Amino acid sequence: MDYTPLRMDASQPPLRVNLYSDTQTRPTPAMKAAMLAAEVGDEQFGWDPTTNLLQERMAALMGKEAALFLPSGTMCNQIAIATHCRPGDEILAHETAHILTSEGGAVGAITGAQITGLRGARGQFDADTLRAAIRPKSRYAPPQTLLEIEQTANSGGGAVWKVETINQLCAIAHENGMSTHMDGARLMNACVAAGVAPKDMVAGMDSLWLDFTKGLGTGVGAVLVGSHEFIGAAWRWKQRLGGSMRQSGMLAAGCIHALDHHIDRLADDHANAKRLARGLAQVPGIIPEEPETNLVFFNTEGTGMTAAQLSDRARAQGVAVSTNGRYRVRACTHLDITSAMIDDAVQAIGAVVNAT
Ligand SMILES: *Cc1c(COP(=O)(O)O)cnc(C)c1O
């Protein structure tokens, strides 16, 4: 990911349409009210009733035994990896996986494990690719202890892994003595788009997490889910890394509000993503990838502009998008984006292209 930063300096006009990321959402008034009303206690001791409720709800939703509230998705990934793996272990994941490209080398820095990036279209790989990456066990080979799957595949265009594929890959991993972990930053987008219940989507996973700060619209929070044993071991890493909190119930209440009110509406984000792709397909030189969820990637090469140039010029028109490669732009739909804003963005980008 070579993101261009979102420019908010005084030289820029006010932002009308912020498609830069689905992390750009702001808590709604109803979410803020729920946060203010939260019952709280000291989370580090297990005394925060609202955090406990969020953890119980997440374990039940995902069909697992236990859950752990953490400040961020990155910390969920790193704690899960530290819990599953030992120094020197090998993790198999897609070559564009967030754990490989976007977590500051934390897998090497914290666990001391290595990641082998597998190839495949749309951020995904198949059973043959996984089988080919599994080495015969020997004293030369690193112990392969973890399979990681990112649902949805962010750099893969927000693509949804089919539940059948996930189950097949998890079975292969388990047969080979590996654990399975899902980076579920946008897991609920995948479940809504595919019409698959979360517990069915993650049945093969030993651990998984969901981000509340993407399409679900909170300011802070992610929840890691797994067995009692796994979450017990993860607690030590939470403590070690400074992820233990105090009156975190105010944050957890925002997440509970999101579970109750912001899941079904992800379908609106997906419809807006399709609307955006359809609109952009009419702009000469722009080739959108087919969106499956709330991420819209498009190629700018035919416009004569790089992704960074298009993004700069769109920003000057009050429309923010991000970049992912020389000619690849990423636009995200989310809670704060309406269909009228999509039409506005298409017009602005069309004007930018026509002006070159
Ligand atoms: C955003 C994201 C993360 C990291 O989550 P944070 O809450 O920002 O730390 C991990 N994986 C994927 C696929 C993401 O999109």
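On a predicted model such as this, the values are computed, not experimentally measured, just so you know.

> Looking at this structure, I do not really get the site of the ligand. What am I missing?
Not every one of the 13 residues close to the ligand is listed here, only the nearest: Gly73, Thr74, Asp183, Asp211 and Lys214. Glycine 73 has a polar backbone atom sitting 2.8 Å from an oxygen atom of the ligand. Look at the ligand: alone it shows 380 Å² of surface, and the protein chains cover 86% of it. Elements that contribute at least two residues to the shell around the ligand include exactly helix H3 (73–84) and strand S7 (207–211).

> It is not clear to me how the pairing of strand S6 (residues 179–184) should be interpreted in this structure. Could you clarify?
Side-chain positions along a regular strand alternate between the two faces of the sheet. Burial of S6 is extensive: five of the six residues sit out of reach of the surface. Where strand S5 (residues 144–150) meets S6, five bridges bridge the pair, whose relative direction is parallel. Looking across to S6, one finds that leucine 146 is bridged to serine 179. Handedness of the β-α-β unit built from S5, helix H7 (residues 163–175) and S6 comes out right-handed. Pairing of S6 with S7, which is carried by four bridges, proceeds in the parallel orientation. Opposite histidine 181, over in S7, you have serine 207 as the bridge partner.

> Sorry, what's going on with the side chain of aspartate 269 here?
Take aspartate 269: it is sitting in helix H12 (residues 266–281). Judged by relative accessible area, aspartate 269 falls into the buried class, the value being 0%. Beyond its immediate sequence surroundings of up to four residues, aspartate 269 is in contact with Thr293, Asn294, Thr333, His334 and Leu335.

> Quick question: what am I supposed to make of the packing of H12 against helix H14 (residues 339–354) here?
Think of two packed helices as two axes; the pair is described by the angle between the axes and how far apart they sit. Closest axis-to-axis distance for the H12/H14 pair is 9 Å, and the angle between their directions is 25°. Relative to H14, the element H12 lies roughly parallel. Seen along the crossing, H12 lies across H14 with a hand that is right-handed. Residues Asn272, Arg275, Leu276, Gly279 and Leu280 of H12 form the contact with H14, whose participating residues are Ser339, Ile342, Asp343, Val346 and Ile349.

Procedures and definitions
Residues numbered from 1 in each chain as written. Predicted model: local features only at pLDDT ≥ 70, side-chain atom pairs only at ≥ 80, totals over all residues. Heavy atoms only, no water. Near = heavy atom within 4 Å. Polar contact = N/O pair within 3.5 Å; in protein donor to acceptor, adjacent residues only side chain to side chain. Areas by Shrake-Rupley, 256 points an atom, 1.4 Å probe, with all protein chains shown as cover. Helix = DSSP H or I, 4+ residues; strand = E, 2+ residues; numbered from the N terminus. Buried < 20%, exposed > 50% of the residue type's maximum accessible area, 1.4 Å probe, protein only. Pairing = 2+ DSSP bridges. Right-handed = clockwise from strand over helix to strand, strands pointing away. Contact = heavy atoms within 4.5 Å. Axes fitted to C-alpha atoms, helices over the stretch in contact; angles between N-to-C directions. Parallel < 35°, antiparallel > 145°, perpendicular 65-115°, else oblique. Left-handed = near helix turned anticlockwise from the far one by under 90°.

Remember that the coordinates give geometry; whether it matters functionally is a separate question.
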